Amino acid sequence: QQGLALQLAEAVSTIAYTGYNRSPNSGSVWIHLGGKNRLVSPELQYSVGSSPSRPYLASLSFSGPWLLYSVQSSSSRYPTAELLNRVTGQRSALPAGPIAYALGSGTLAWIDANGSVWEEPIGTSSSVELAPASPMNSVLTVFGLAVGGGYVAWDYSWGETFSPSYASGYFDV
């Protein structure tokens, strides 16, 4: 097994990491807490792009007791994501529509396939749109989405391969 992503929790001794198995092409998410390794999600299937030696990297992020992790399913163009409360062990699958998720400062943010940017405090159902959909109905490429210190920041492009349009911004939530 080969590790692909690593994240440390703030102010606690928790480490989250992914493992990758070349055969079958699958992976898993683990946390190391209290001196023990705990398997979080064993059923992850990685998609392999043009290079089998470079599978999609799972993203990991902590905020308080929550761990956000996402992986690219072999049957989906976009990543799937789950939240884990590492204290209670509760796992919550997030909707499959958004193309990027980020977690920080007790806030979950996401970019929908149409380019709109949203945020929601964890544990609520009061999502707020921070940026409207992109003006074109085309495929997005997300370069970054981050949450921290009360801000949400994003950067993505859409449109033609040789002359794409870009959207970057931030919002003080």
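Higher on the page you've got the structure.
This one's a predicted model, so the numbers in the text were calculated from it and none came from an experiment.

Colleague: Help me understand the nonpolar core, please; the structure alone is not making it clear to me.
Modeller: A general feature of soluble globular proteins is that nonpolar side chains tend to end up buried together. In terms of nonpolar packing, the biggest core is built from 16 residues, with Ile 111, Val 117, Leu 140, Leu 145, Val 152, Trp 154 and Tyr 156 touching the most fellow members. Of all the secondary structure elements, the ones that give two or more residues to this core are strand 9 (100–104), strand 10 (107–111), strand 12 (128–131), strand 13 (140–148) and strand 14 (151–158). Look past the residues within four positions of Ile 111 in its chain and what remains in contact with it is Pro 98, Ile 99, Ala 100, Ser 116, Val 117, Leu 140, Val 142, Gly 144, Leu 145, Trp 154 and Tyr 156. In terms of nonpolar packing, the next biggest core, distinct from the first, is built from 10 residues, Leu 83, Leu 94, Leu 108 and Ile 122 among them.

Colleague: What is the right way to read the pairing of strand 14 from this model?
Modeller: It is a general feature of regular strands that their side chains alternate between the two faces of the sheet. When strand 13 meets strand 14, the two strands line up antiparallel, connected through eight bridges. By the bridge assignment for strand 14, Val 147 is matched with Val 152. Counting the residues that bridge the hairpin from strand 13 to strand 14 gives two residues, and of these Gly 149 lies at a positive phi of roughly 60 degrees. With eight bridges joining them, strand 14 and strand 15 (residues 165–172) adopt antiparallel strand pairing. From the neighbouring strand, Tyr 156 faces strand 15, where its bridge partner is Ala 167.

Colleague: Please explain the side chain of Arg 86 as it appears in this structure.
Modeller: Looking at the secondary structure, you find Arg 86 in the loop between strand 7 (79–85) and strand 8 (91–93). Within the local environment of Arg 86, its side chain forms a polar contact with the backbone oxygen of Gly 64, the two atoms lying 2.5 Å apart.

Colleague: What's the story with the packing of aromatic side chains in this structure? I'm lost.
Modeller: One pair of aromatic rings is described through two measures. These are the centre distance and the angle between the planes. Applying the stated criterion across every chain, the model contains five aromatic pairs. With a centroid separation of 5.9 Å and an interplanar angle of 55 degrees, the aromatic rings of Tyr 151 and Tyr 170 are classed as tilted. Placement of Tyr 151 in strand 14 and of Tyr 170 in strand 15 is noted, with a sequence separation of 19 residues between them. Accessibility expressed as a relative area gives 38% for Tyr 151, which makes it partly exposed. What makes Tyr 170 exposed here is its relative accessible area of 61%. Judged by centre distance (5.8 Å) and plane angle (50 degrees), the ring pair of Tyr 156 and Trp 158 falls under tilted. The pair formed by Tyr 156 and Trp 158 is uniform in burial state, with each residue classed as buried.

Cut-offs applied
Residue positions are given per chain, counted from 1 along the sequence in the order it is written. Restriction of local features to residues with pLDDT of at least 70 applies here, the model being predicted, together with a cutoff of 80 or more for giving and counting side-chain atom pairs; totals for whole chains, interfaces and linings are based on all residues. To obtain the side-chain values, all non-hydrogen atoms of the structure were included, while hydrogens and water were left out. The nonpolar core is taken to be a set of buried Ala, Val, Leu, Ile, Met, Phe, Trp, Tyr and Cys residues, with the residues joined through side-chain atoms within 4.5 Å. Throughout this description, buried means an accessible area under 20% of the type-specific maximum (1.4 Å probe, protein chains only), exposed means over 50%, and partly exposed covers the range between. Here a helix means four or more residues in a row that DSSP labels H or I, a strand means two or more in a row labelled E, and each is numbered from the N terminus. In this description, contact between two residues means that some pair of their heavy atoms is separated by no more than 4.5 Å. Each pair of strands is called paired provided DSSP finds at least two bridges between the two strands. Here a polar contact is taken to be a pair of N or O atoms separated by no more than 3.5 Å, where protein atoms must pair a possible hydrogen donor with a possible acceptor and residues adjacent in sequence count only if both atoms sit in side chains. Working definition: rings of Phe, Tyr and Trp (its six-membered ring) pair if their centres are within 6.5 Å, and the pair is stacked with planes under 30 degrees apart, edge-to-face with planes over 60 apart, and tilted otherwise.

Read these as layout, nothing more, since geometry by itself doesn't imply function.
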